[in-house]
Amino acid sequence: MAGTDPTGGLWNWAVARPVDPDRVRGALAGALERSVVPLGIAGDVLCDVYEVGGDFPTLVDVYLAPSRVDEATAASAVSVRLGAAVLLPDDSLDPSRYVLATPDGSLTPVCVDEIETDDGPERRNVRPRAMPSP
């Protein structure tokens, strides 16, 4: 419910295939157990979905994300519901480091090449993150 869960701000995700915006919002609503609506409509969580190029062509911006819900857990649940991988930033300051949520529910640290375009960031060449040497 609005007002009962402080908001954590903004989540920026990318989905590994084109997905209808209503389907993305429905998957997110199911994962969060809250209403999720497009920008400009009153609701608990606002969600903008748009298409770009790259290996993750559907970008998802989630506004008013509930602070009591872990972002990676939410992305994993959305990935399962959509049947498509979801890419989300990790908690480092390195812009090439992400977490990959896959439809089997797993979360994997990865590196991604990103280029900025007029339509938004395109992400390509997802690869496992190298583990630091001891």
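Each remark here, short or long, concerns the structure printed above.
Our subject in this report is the structure included herewith. (Residues numbered from 1 in each chain as written. Predicted model: local features only at pLDDT ≥ 70, side-chain atom pairs only at ≥ 80, totals over all residues. Heavy atoms only, no water.)

Another point: the nonpolar core. One finds Trp13, Leu28, Cys47, Val62 and Leu82 to be the most contacted residues of the largest nonpolar core, which totals 25 residues. Those elements that provide at least two residues to this core are β1 (7-15), α1 (21-32), β3 (45-51), β4 (58-66), α2 (71-82), β5 (86-89) and β6 (97-101). If you tally residues by element for this core, the top one is α2, at five residues. Leaving out residues up to four positions away in the same chain, Trp13 has contacts with Leu28, Thr58, Leu59, Val60, Glu71, Ala74, Ala75, Val78, Val86, Leu87 and Leu88. (Core = buried A, V, L, I, M, F, W, Y, C linked by side-chain atoms within 4.5 Å. Buried < 20%, exposed > 50% of the residue type's maximum accessible area, 1.4 Å probe, protein only. Helix = DSSP H or I, 4+ residues; strand = E, 2+ residues; numbered from the N terminus. Contact = heavy atoms within 4.5 Å.)

Another aspect to go through is the packing of aromatic side chains. Applying the stated criterion to the full structure yields one aromatic pair. A centroid spacing of 5.4 Å and a plane angle of 15 degrees characterise the contact between Trp11 and Trp13, whose relative ring orientation is stacked. Since its relative accessible area comes to 6%, Trp11 is described here as buried. Judged by relative accessible area, which is 3%, Trp13 ranks as buried. (Phe/Tyr/Trp six-rings, centres within 6.5 Å; stacked < 30°, edge-to-face > 60°.)

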